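# Report on the structure
So the chains spell out like this:
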Amino acid sequence: MDDTVSNTEPLKMESLLDHLVEITGHRDHDLLDISVMSALINMVGVAEARVLELFQARGELLVRPRVWIANGKVYTIENEMLASDTGEPIVAYPGLVACIAQRKNRFEEMREQQHALWIPIWQNDKVSTCLEIVHDKPFPMHTLQVMEGILSVYRNYQSLLEYSERDSLTGLLNRKTFDERFARLASAKFAEHKEDDRRRSDDKSQWLAVVDIDHFKRVNDVFGHLYGDEVLILVANILRASFRSQDRIFRFGGEEFVILLRATTLKDARMVFERFRQNVEKHTFPQVGQVTVSLGFAAITQETPVVILGHADQALYHAKDHGRNQVCHYDELVEQGLIQVGGKQSESVEELFFD
């Protein structure tokens, strides 16, 4: 046996184990994506690859890159929430369409001078993430086996991360995940817009809304906690149906929810929030009947997460103190002299980032 060959095998195994340790050591989807890309570069010699995100927008299924390899280096979107909410229609990728339609774990596609390999990450019979690996020639079988082993670990760990980020009752993102993502978003916003204290109302911005189910304690007291839980689940479903897939919705705790609305104008943000409020008001809840919600929202600026959340919370409390079942904008209330800067807010705002 060739000593050179035999000596390289332990090195390959050690390198593989190192990559698997790194992949399973993260608590963040972006870092997990970067780790699997690094493993593909070092273990397989991939020169060009992308982690693609599939999402619904404007009534069609779109695809956009989340992390990618180019010229042997890994690149990533600077900030998920500040990234463009546009993507390419999935029909622009016939190989990916065929792979998903045929429910395959791997699909090989020949291009002009390249060989493309599609690997969808199936989660609960659906695909929201897919890897596109491009090479100058087909991979040999033993290389595919190593690659599939790495990706199996990636797929399983992605499922664990997803589970840890979700509220067990509603399936929405949980409060811990909100804390982490909103802190990152606010930091990126601060770096990008140091010069502006406030975004102009005709500019596209990011928005934070706090939602509270009106008289929810009465629902629990009169109908019982079983129907109270059903109301929470149904409101969560209405939230999903009322917002885009690139927006983020969280169950903040109890009957409170938080929405991070991606780039849109103040006019459109108000319209979207008002439409959600009306969707809840029109819905018939079993046994309970009609349920309404109050909503307060504020622009995400370069101020601290606690301050921004406090603004939305003040607007929410104004809505609840003045009739409920309405949408209130923080800046508008301040300009009209209806609330004071730094006024009433819930204790949970102060607790959120200091627990």
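Check the entry above for the structure.
Now for a quick tour of the structure. All figures in this text were calculated on a predicted structure; none of them were measured in a lab.

### Thoughts on the environment of A315
Mapped onto the fold, A315 is located in helix α9 (residues 305-321). According to the relative accessible area criterion, A315 is buried, its value standing at 0%. Considered as a pair, A315 and V334 are 19 residues apart in the sequence and their alpha carbons are 9.3 Å apart. If sequence neighbours within four positions are ignored, A315 has contacts with G296, F297, C328, H329, Y330 and L333.

### Examining the pattern of salt bridges
Inspection of the entire model under this criterion finds 19 salt bridges. Residue D212 is joined to K320 by a salt bridge in which the shortest nitrogen-to-oxygen separation is 2.6 Å. Placement of D212 in strand β8 (residues 205-213) and of K320 in helix α9 is noted, with a sequence separation of 108 residues between them. Like K320, D212 is buried.

### A few points about unusual backbone geometry
Here the phi dihedral of R324 falls at roughly 60°; this positive angle occurs in a residue that is not glycine. Mapped onto the secondary structure, R324 falls in the loop between α9 and β12 (327-329). Even without a glycine there, the phi angle at N325 is positive, about 50°. Within the element layout of this structure, N325 appears in the loop between α9 and β12.

### A look at the pairing of strand β3 (residues 73-76)
For strand β2 (residues 60-70) and β3, the ladder comprises four bridges, and the chain directions are antiparallel. Bridge assignment links W68 to a residue of β3, and that residue is Y75. The loop that links β2 with its antiparallel partner β3 comprises two residues; one of these, N71, has a positive phi angle of about 55°.

### What to know about helix α2 (residues 29-44)
Here α2 is 16 residues long and its end C-alpha atoms lie 22 Å apart, about the 22 Å a rise of 1.5 Å per residue gives. Buried residues of α2: H29, L32, D33, S35, V36, M37, S38, A39, L40, I41 and V44, and no others. In the segment just after α2, G45 is the residue with positive phi, at about 80°.

### Re the packing of aromatic side chains
Evaluation of the coordinates by the stated rule reveals eight aromatic pairs. Look at F243 and F273: their rings are 6.0 Å apart centre to centre, the planes differ by 50°, and that puts the pair in the tilted class. In this pair, F243 is assigned in the loop between α7 (225-242) and β9 (248-253) and F273 in helix α8 (residues 266-282), connecting sequence segments 30 residues apart. The rings of W207, F243, F273, F276 and F297 are connected pair by pair, giving a single aromatic cluster.

### So, the packing of α7 against α8
Packing of α7 against α8 leaves a shortest axis separation of 10 Å and a crossing angle of 145°. The two elements α7 and α8 meet at a crossing, and its hand is right-handed. The residues of α8 that touch α7, namely those facing V235, I238, L239 and S242, are V272, R275, F276, N279 and V280. Taken together, the residues of the contact of α7 with α8 sort by class into six nonpolar, two polar and one charged.

### Re the sheet that holds β9
Spatially, β9-β10-β8-β11-β12 is the arrangement adopted by the five strands of the open sheet, whose pairing is mixed. Sheet topology places β9 and β12 at the edges, where each strand pairs with a single neighbour. Here the strands of the sheet are splayed against their neighbours by 20° on average, with no regard to which way each runs. Sitting on the sheet, α9 touches β8, β9, β10 (256-264), β11 (293-299) and β12, and the angle it makes with β11 is about 145°.

### Here we look at the pairing of β10
The buried count for β10 comes to eight of nine residues, which makes it a mostly enclosed element. Direction of pairing for β9 relative to β10: antiparallel, over a ladder of five bridges. Pairing of G253 across the sheet is with E256, part of β10. The turn joining β9 and β10, which pair antiparallel and follow one another in sequence, is formed by two residues; a positive phi near 60° is taken by G254.

### Structural notes on the environment of G171
In this fold, G171 is placed in the loop between α4 (141-164) and α5 (175-192). A relative accessible area of 27% means that G171 is categorised as partly exposed. Here the alpha-carbon distance between G171 and R251, two residues 80 residues apart in the chain, equals 8.7 Å.

About the thresholds
- For every chain, the first residue of the written sequence is number 1, and numbering continues from 1 onward in sequence order.
- For a predicted model such as this one, the threshold for reporting local features is a pLDDT of at least 70, and the threshold for listing and counting side-chain atom pairs is 80 or more; totals across whole chains, interfaces and linings nevertheless cover every residue.
- The basis for the side-chain values is all heavy atoms of the structure; hydrogens and waters are excluded.
- Put simply, DSSP H or I for four residues or longer makes a helix, DSSP E for two residues or longer makes a strand, and each gets a number counted from the N terminus.
- Only protein chains enter the accessibility calculation, which uses a 1.4 Å probe. A residue is then buried if its area is under 20% of the maximum for its type, exposed if over 50%, and partly exposed in between.
- Contact criterion: two residues are considered in contact whenever any of their non-hydrogen atoms come within 4.5 Å of each other.
- The salt bridge definition used is simple: a Lys or Arg side-chain nitrogen within 4 Å of an Asp or Glu carboxyl oxygen.
- By the convention used here, strands pair only if DSSP detects at least 2 bridges between them.
- Working rule for helices: expected span equals 1.5 Å times residues minus one.
- The criterion for an aromatic pair is that two Phe, Tyr or Trp rings (for Trp, the six-membered ring) have centres within 6.5 Å, with stacked assigned to planes under 30 degrees apart, edge-to-face to planes over 60 apart and tilted to the rest.
- Note on method: axes are straight lines fitted to C-alpha atoms, helices fitted across the in-contact stretch only, with angles between N-to-C directions ranging 0 to 180 degrees.
- Note on convention: the crossing is left-handed when the near helix lies turned anticlockwise from the far helix by less than a right angle, right-handed when the turn is clockwise.
- We call Asp, Glu, Lys and Arg charged. Ala, Val, Leu, Ile, Met, Phe, Trp, Tyr, Cys and Pro are nonpolar, and the rest, Gly among them, are polar.

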